[in-house]
Amino acid sequence: MSTEEKLLKEFEVKQMTDLIEMMEDAKSGHLKEVELVESIGLLYDQELNQLLLTWLKEQGVELIYVTDDEEDEE
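Residues numbered from 1 in each chain as written. Predicted model: local features only at pLDDT ≥ 70, side-chain atom pairs only at ≥ 80, totals over all residues. Heavy atoms only, no water.

J.: Which parts of the structure should I look at to understand the pattern of salt bridges?
T.: Pairs can form between side chains of opposite charge once their charged atoms are near each other. As enumerated under the stated definition, the model contains three salt bridges in all. In this structure, Glu4 and Lys27 form a salt bridge, with 2.9 Å as the shortest nitrogen-oxygen distance. Taken as a pair, Glu4 in helix 1 (residues 3-13) and Lys27 in helix 2 (residues 17-28) lie far apart in primary sequence, 23 residues in all. Across the salt bridge formed by Glu10 and Lys14, the nearest N and O atoms sit 3.2 Å from each other. Since its relative accessible area comes to 27%, Glu10 is described here as partly exposed. (Salt bridge = Lys/Arg side-chain N within 4 Å of Asp/Glu carboxyl O. Helix = DSSP H or I, 4+ residues; strand = E, 2+ residues; numbered from the N terminus. Buried < 20%, exposed > 50% of the residue type's maximum accessible area, 1.4 Å probe, protein only.)

Quick look at the structure:
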């Protein structure tokens, strides 16, 4: 099972439709960058989070890390 298949299956089971849509957008080239706080990531599950971030980078998505302070200012 590929990383993409594993992620999609996990997100379907957990009904994480936003992440499925994010993956579809990344694969089609519509998602160019994602801003995230490095200490938080996108998911609570650190293993799944790392898989997703790696997969997004492989799709050419730029990961832009902001600090907690920058997030508070917005």
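Alright, that's what it looks like, and here's the rest.
J.: Sorry if this is basic, but what is going on with the nonpolar core here?
T.: Soluble, globular proteins show a tendency: their nonpolar side chains are buried together. Core analysis: the largest hydrophobic core is formed by 18 residues, its most contacted members being Leu7, Phe11, Leu31, Leu52, Leu56, Val61 and Leu63. Elements that contribute at least two residues to this core include exactly helix 1, helix 2, strand 1 (33-37) and helix 3 (46-58). With near-sequence residues (within four places) excluded, Val61 lies in contact with Ala26, Leu31, Lys32, Glu33, Val34 and Leu56. (Core = buried A, V, L, I, M, F, W, Y, C linked by side-chain atoms within 4.5 Å. Contact = heavy atoms within 4.5 Å.)

J.: Help me out: how do you make sense of the packing of helix 1 against helix 3 in this one?
T.: Geometry of a packed helix pair, given as the angle between the helix axes and the separation of the axes. In the contact formed by helix 1 and helix 3, the axes pass within 10 Å of each other and the chain directions differ by 130 degrees. As the angle between them shows, helix 1 and helix 3 are arranged oblique. Like other packed secondary-structure pairs, helix 1 and helix 3 cross with a definite hand, here left-handed. Facing Thr3, Glu4, Lys6, Leu7, Glu10 and Phe11 of helix 1, the residues of helix 3 in contact are Glu47, Leu48, Leu51, Leu52 and Trp55. (Axes fitted to C-alpha atoms, helices over the stretch in contact; angles between N-to-C directions. Parallel < 35°, antiparallel > 145°, perpendicular 65-115°, else oblique. Left-handed = near helix turned anticlockwise from the far one by under 90°.)

J.: Sorry, what's going on with the pairing of strand 1 here?
T.: Two faces, one strand: in a regular strand the side chains alternate between the faces of the sheet. Of the pairings in the sheet, the one linking strand 1 to strand 2 (residues 62-66) comprises five bridges and is parallel in character. The residue of strand 2 that forms the bridge with Val34 is Leu63. (Pairing = 2+ DSSP bridges.)

J.: Please clarify how helix 3 should be interpreted in this entry.
T.: Residues spaced three or four apart along an α-helix face the same direction, because each turn holds 3.6 residues. Between the first and last C-alpha of helix 3 there are 18 Å, a value that for 13 residues agrees with the 18 Å anticipated at 1.5 Å per step. Taken as a whole, helix 3 has its buried residues at Leu48, Asn49, Leu52, Leu53, Trp55 and Leu56. For helix 3, the arc enclosing every buried residue in end-on projection is 165 degrees, short of the 170-degree limit, so these residues lie on one face. In helix 3, those exposed residues whose orientation departs by more than 90 degrees from the buried face are Glu47 and Glu58. The N-terminus of helix 3 is capped by Asp45, whose side-chain oxygen sits 3.0 Å from the backbone nitrogen of Glu47. Phi for Gly60, located one or two positions after helix 3, is positive at around 90 degrees. (Expected span 1.5 Å × (residues − 1). Arc of directions from axis to C-beta. Polar contact = N/O pair within 3.5 Å; in protein donor to acceptor, adjacent residues only side chain to side chain.)

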